[in-house]
Amino acid sequence: TVISSGGSMFGGGVSIAVNGVIATNTVLASAEATAQRGSITADGDIDIVARNEAGIISTITNTTEAGGIGVGVTLAFNTVGYEAQNIFAQTIDVIAGGVFGTADPIVTSAITENLDLSAGGDLTVAADSNSFIDARIESATAVQSIAVAGSSSTIGVGAVLTLNRVSSITDALIGTANNTLTVGSDLTVSALERGTILSQVEASTISIAGGLAGGGTSVSVAFAMARNSLSAVNTAKVDTGQALNVSGDVLIKADRTALIDSEVSATAVSVAAGLSGTSVAASAAGAIAVNRVLGGNFALLENSEVTAGGAVSIQAKDQSRIDAQVSAVAQSVAVSFSSPAPAAALGLSIAVNEIGWNSTDVSATYENNDTPASLMAGQSIRMRTGPLVGQVFEYLGPTLSDPKLGEQNYGDRTLWRRIDRVQDGAQTVAAIRNGSVDATGALSIEAASEAQIDAVVTAKTVAIGASAVTAVGISVGGVVTTNDINMDVLAYIEHAQDLSASAIVVSANNQARI
């Protein structure tokens, strides 16, 4: 908290408060349970289990109070599974996205390799990972100045930039063996991945200026931006290259949950009042959220000959979700009893939510502030200004003469194609490859995905001018939203040598909704 007081009730003096908060949190971790080279024999159960929990809980409150000019700035960077980097690079990453930053994923693995196993009871190979960020930021800037004689002016600025990134890899694997593997009861290979980013950002600014014998000028600006990225690759796999004899059931299960819950709000309030003299009030609020979920989920039986006394189940279940609430509120009130009283308010909210897409560096023919003589199909435009800053679009239409690049509708997919991103290969896969199954019970291969984006994006602006002479109120609000899901769900049998079971079910279920 920074507080500055001073000035004069008779129209002179200046009070300035500047408050800056920078927070950087980085977590790197791994949990690996590995059994390799040789053999293990047990009359009872054999458990090879890895569990990992890595996360960040961060709360930041930034308060600035002043009697004339107040500026509050908050920068917060939270990374789980990324190498540390300097604040300048991270600031650029918040704005541009994907420019810097090297992933060093949180690794959770339970693996057998070059190992012969014989269990009289159950054999369990399991990897359980929980990677998370819970980050909450509240920034408040308040500026007020009242002058009994003369005029008064105030300026309030509040800004928040935050970056939250999670990268993780989870593997449960029964790998190469030299001889037949024997299990006296049930075999379970399970990979459980939970990745979560909870981000709450609030930036509010209020500016009040009053002059009893003069006018007042009040300016209020609030800006908040959050960029959240979650990448999680989850795999459960049996790939022995040998026979596998199981007296009971066989379960190969990959279960992934990836959630981003992002709330970004910016509120700017400006009030200017005077008995005489011109009163001017201006406010601007901007809120931006960019959310991206990447990775995949795989349950696989490969290069193995399985004989089971019960059922064989291969399951890949995935839940990827983005919940985004983005709000910008700008309010301005100007009052003068004997002079003009103009008021202006501007609010803009932007939300970009993507599941299964990743950014890539591409060149562009022009920038959107260029003025080329013509534009032909195949040429591309990079957004240097505006709400789509950083994105690159390829033109698909007929040749244009004297195109106004800054006025094009880049959301028209018949004329423009975005090329600065690629399919992440996000997949949910359950499969048998180059293997055989002889089961007394049922054989089921099931892949199911629920990918969902819920976005509420609003911009509210109010401008009121009140005067016995001339009063003007201008308010402008804008909203830009992009929601896109690219998820493949596959369940299949490929190059199987022999399949025998009481029933065989192959099922793929893709529920993607926005």
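Reference entry: report on the structure contained in this document. Everything numeric in this text was worked out from a predicted model, so none of it was measured.

1. Considerations on the environment of Val18
Its place among the elements puts Val18 in strand β2 (residues 16–27). With 191 residues separating them along the chain, Val18 and Ala209 place their C-alpha atoms 19 Å apart.

2. Observations regarding the packing of aromatic side chains
Counted according to the given criterion, the structure contains three aromatic pairs. With a centroid separation of 5.3 Å and an interplanar angle of 35 degrees, the aromatic rings of Phe393 and Tyr410 are classed as tilted. Remark: Tyr410 occurs in the loop between β23 (400–401) and β24 (416–418) and Phe393 occurs in strand β22 (residues 392–395); sequence separation between them is 17 residues. The exposure class of Phe393 is buried, given its relative accessible area of 6%. On the basis of relative accessible area, Tyr410 is assigned to the buried category, the value being 8%.

3. Re the pattern of salt bridges
For the coordinates displayed, the defined rule picks out 13 salt bridges. For Arg321, the salt bridge is made with Asp454, and the minimal N-O distance between the two is 2.9 Å. Placement of Arg321 in strand β16 (residues 312–336) and of Asp454 in strand β28 (residues 443–467) is noted, with a sequence separation of 133 residues between them. In this structure Arg321 comes out as partly exposed when scored by relative accessible area, which is 32%.

4. Observations regarding helix α1 (residues 87–96)
Here α1 has its buried residues at Ala89, Gln90, Thr91, Asp93 and Val94. Contacts from the buried residues of α1 go to β2, β5 (69–80), β8 (152–174) and β11 (216–238). At the exit of α1 stands Gly97, carrying a positive phi of roughly 80 degrees.

Quick notes on the rules
- Here the residue numbering is sequential within each chain, running from 1 through the sequence in written order.
- Where totals are concerned, whole chains, interfaces and linings use all residues; where local detail is concerned, this predicted model gives features only for residues with pLDDT of at least 70, and gives and counts side-chain atom pairs only at 80 or more.
- Calculated side-chain values reflect all of the structure's heavy atoms, with hydrogen atoms and water omitted.
- Only DSSP runs of H or I covering at least 4 residues are called helices, and only runs of E covering at least 2 are called strands; the numbering of each starts at the N terminus.
- In summary, the pairing rule links any two rings of Phe, Tyr or Trp, Trp by its six-membered ring, whose centres are within 6.5 Å, and it sorts them by plane angle into stacked for under 30 degrees, edge-to-face for over 60 and tilted for everything else.
- The rule is simple: take the accessible area with a 1.4 Å probe, protein chains only, and divide by the maximum for that residue type; under 20% is buried, over 50% is exposed, in between is partly exposed.
- A carboxyl oxygen of Asp or Glu within 4 Å of a side-chain nitrogen of Lys or Arg is what we treat as a salt bridge.
- In what follows, residue pairs with any heavy atoms lying within 4.5 Å of each other are defined as contacts.

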